[in-house]
Amino acid sequence: MFRDTWVEVDLDRITHNVKVIKEYTGYDKIFAVVKANGYGHGDIEVAETALAAGATHLAVAFLDEALRLRKHFTCPILVLGYTSEDYFELASENNISLTIIDDFEYDGKLNVHLKIDTGMNRLGLDNSTDILRMIEKINKSKVNLEGIYTHLATAGSSDVHYYKQLNRLKSLGLDLELIHVNNSAGMLAYKEMFSAGRLGIAMYGLTPYDGVLPVELKQAFSLYSKITSVKKIQKGESVGYGATYVTSKDSYIATLPIGYADGFLRVNKGRMVEIKSKLYEIVGNVCMDQIMILVDETISKDDIVSLISDEITVGDMANDLGTINYEIVCSITDRVPRVYKSNGKITKFNNYRF
Ligand SMILES: *Cc1c(COP(=O)(O)O)cnc(C)c1O
């Protein structure tokens, strides 16, 4: 690591989150959702930890992500997104389960989950005749119907919409053994409905909805950097591109090696970071590779700066930026190395760039 900016992932916290959710729901099947490089945390590391903590399956968005996991894991892996029929054979050869969203012509040894749209209006069959016809067709072929599922649009935030989706599903009279419905929000808000769930955001210790949760989640993701320079500048000097920030008195300006190319976007201007338990403001425009902080004489080169931590949480940052916790962790790019901690020790380190 030749640049001092890193994401730290506390794997013990992921273990904790999976365990408390598994215990709370009592589900036998838990799909650990590790799409998008494990929501930015690292797909392989999170998958390994989640499986050891009680998850039974893995799920990702695309076949590419599934094939990467297959090199490391023998457990069932489900692709949640659409896969073209051109790649069914490849999925079959690698024992990857696919999501079926409409009619297909394939008659090989492939595990599939049928996706039903009950009100998200994104992917899946929504008409009961089509659904029943598709199940019949699959059952007559070599393709194995491993599961049937639907995705929730509002779990945790709207009971009315949840029950509308659930009632549509129930009205189909399908084999409940095969069905999985709940994502993180559903598992925490309506666990009693099923015995399998697709666990994403809550596994990372991030809250799936506003309001009180039935279990304590622990955020696994932190983002740190180290100061590369501190300089004293005079009153009336400007800082950074566009000269948008002008000092109102003689000031100390610190520079950090993180910028918008790391996913630390320009909208962060004016937000706070933490150095030695005190908060300091990001001033001037965020650059591609660097940001500047208004500090004081107590701060020096090599001091560690927390950009995301237990004090400035992923949730705080999402609120500040008018977005959701999911987007924050997924946005930090693979230019930032990931460091893994368990039992209080650094156990692994990934630099994706060399
Ligand atoms: C991403 C995803 C999940 C996981 O959702 P969380 O809200 O992160 O728990 C579950 N199911 C599907 C279909 C998904 O795409």
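Residues numbered from 1 in each chain as written. Predicted model: local features only at pLDDT ≥ 70, side-chain atom pairs only at ≥ 80, totals over all residues. Heavy atoms only, no water.

Undergrad: Honestly, the overall build of the chain in this entry has me stumped. Any pointers?
TA: Secondary structure assignment for the chain yields ten helices and 20 strands. Oriented by its inertia axes, the alpha-carbon framework of the chain measures out at about 80 × 45 × 40 Å. Taking all 354 residues of the chain together, 52% fall into the buried category. Residue pairs at least 24 apart in sequence account for 64% of intrachain contacts in the chain once pairs closer than 6 positions are excluded. One way to put it: in the chain the 39 positive side-chain charges average out to a point 3 Å from where the 46 negative ones average out. (Helix = DSSP H or I, 4+ residues; strand = E, 2+ residues; numbered from the N terminus. Buried < 20%, exposed > 50% of the residue type's maximum accessible area, 1.4 Å probe, protein only. Contact = heavy atoms within 4.5 Å. Lys, Arg positive; Asp, Glu negative; His and termini not counted. Charge placed at Lys NZ, Arg CZ, Asp CG, Glu CD.)

Undergrad: Explain the side chain of Arg-271 here, please?
TA: Position of Arg-271 relative to the elements: it lies in the loop between strand 14 (251-256) and strand 15 (272-275). Leave out the neighbours within four places in its chain, and Arg-271 touches Phe-264, Tyr-280, Glu-281, Ile-282, Ile-312, Met-317, Asp-320 and Leu-321.

Undergrad: Mind showing me how you'd approach helix 9 (residues 314-321) here?
TA: The α-helix winds at 3.6 residues per turn, so residues separated by three or four positions along the chain end up facing the same way. Turning to helix 9, its buried residues are Val-314, Met-317 and Ala-318. Down the axis of helix 9, the sector holding all buried residues measures 100°, keeping them to one side. Residues of helix 9 that are exposed and angled more than 90 degrees away from the buried face: Asn-319 and Asp-320. Where helix 9 is buried, its residues meet strand 10 (221-226), strand 18 (304-308) and helix 10 (325-331). Of the residues one or two after helix 9, Gly-322 is the one with positive phi, at around 70°. (Arc of directions from axis to C-beta.)

Undergrad: Before we go on, may I ask you to explain the site of the ligand in this structure?
TA: Val-33, Lys-35, Tyr-39, Leu-80, Arg-122, His-151, Asn-183, Ser-184, Arg-198, Gly-200, Ile-201 and Tyr-326 make up every residue found near the ligand. The side chain of Ser-184 places a nitrogen or oxygen atom 2.5 Å from an oxygen atom of the ligand. In the environment of the ligand, an oxygen atom lies 2.6 Å from a nitrogen or oxygen atom belonging to the side chain of Tyr-326. Protein contacts shield 92% of the accessible area of the ligand, which totals 390 Å² for the unbound molecule. Partitioned by chemical class, the residues of the shell around the ligand number five nonpolar, four polar and three charged. (Near = heavy atom within 4 Å. Polar contact = N/O pair within 3.5 Å; in protein donor to acceptor, adjacent residues only side chain to side chain. Areas by Shrake-Rupley, 256 points an atom, 1.4 Å probe, with all protein chains shown as cover. Nonpolar A, V, L, I, M, F, W, Y, C, P; charged D, E, K, R; others polar.)

Undergrad: Would you mind going over the sheet that holds strand 18 with me for this structure?
TA: Backbone hydrogen bonds hold the strands of a sheet together, and the pairing may be parallel or antiparallel. Pairing is mixed across the open sheet formed by ten strands, whose spatial order is 11-14-17-16-15-18-10-1-19-20. The open sheet is flanked by strand 11 (229-233) and strand 20 (345-350), the only strands paired with a single partner. Neighbour to neighbour, the strand axes of the sheet diverge by 35° on average, direction disregarded. Across five bridges, strand 1 (residues 5-10) lies against strand 10 in antiparallel orientation. Looking at strand 10, one finds that Val-7 is bridged to Leu-223. Set on the sheet, helix 1 (residues 11-25) makes contact with strand 1 and strand 19 (338-342); between it and strand 1 the angle comes to about 35°. (Pairing = 2+ DSSP bridges. Axes fitted to C-alpha atoms, helices over the stretch in contact; angles between N-to-C directions.)

Undergrad: How should I be thinking about the pairing of strand 17 (residues 291-295) in this particular structure?
TA: Sheet faces and side chains relate simply in a regular strand, where the side chains alternate between the two faces. Counting buried positions along strand 17 yields four of five residues, so the element is predominantly enclosed. Relative to strand 17, strand 14 is paired through five bridges, and the arrangement is antiparallel. Counted as the bridge partner of Ala-254 is Ile-293 from strand 17. Inspection of the sheet shows strand 16 (residues 278-283) paired to strand 17 by three bridges, in the antiparallel sense. Across the sheet, the residue bridging to Ile-282 is Ile-293, located in strand 17.

Undergrad: Explain the domain arrangement of the chain to me, please; I cannot follow it from the model alone.
TA: The figure often quoted for interface size is the accessible area lost as the parts come together. Domain boundaries assigned for the chain yield domain 1 (11-204) and domain 2 (221-350). The straight-line distance from the C-alpha centre of domain 1 to that of domain 2 is 36 Å. Taken together, the ten residues of domain 1 in the interface contact 14 residues of domain 2. Here domain 1 and domain 2 share an interface that buries about 1,100 Å² over both sides, 52% of which is from carbon and sulfur atoms. Interface area lost by domain 1 to domain 2 is led by His-41, Glu-45 and Ile-201, which between them contribute 42%. At the junction of domain 1 and domain 2, the tally comes to two salt bridges. For Asp-310, the salt bridge is made with Arg-13, and the minimal N-O distance between the two is 3.0 Å. For the pair domain 1 and domain 2, the interface holds eight residue pairs in polar contact (both at pLDDT 80 or more). Those elements giving two or more residues to the side of domain 1 that touches domain 2 turn out to be helix 1 and helix 2 (35-39). (Domains from an automatic or database assignment. Buried area = accessible area lost by both parts, 1.4 Å probe. Salt bridge = Lys/Arg side-chain N within 4 Å of Asp/Glu carboxyl O.)

Undergrad: Whenever I open this one, the pairing of strand 9 (residues 196-199) confuses me. Can you help?
TA: Of the two faces of strand 9, the one holding Ala-196 and Arg-198 and the one holding Gly-197 and Leu-199 are both buried throughout. Strand direction decides the pairing type here: strand 2 (residues 29-33) and strand 9, joined by four bridges, are parallel. Pairing of Ala-32 across the sheet is with Leu-199, part of strand 9.

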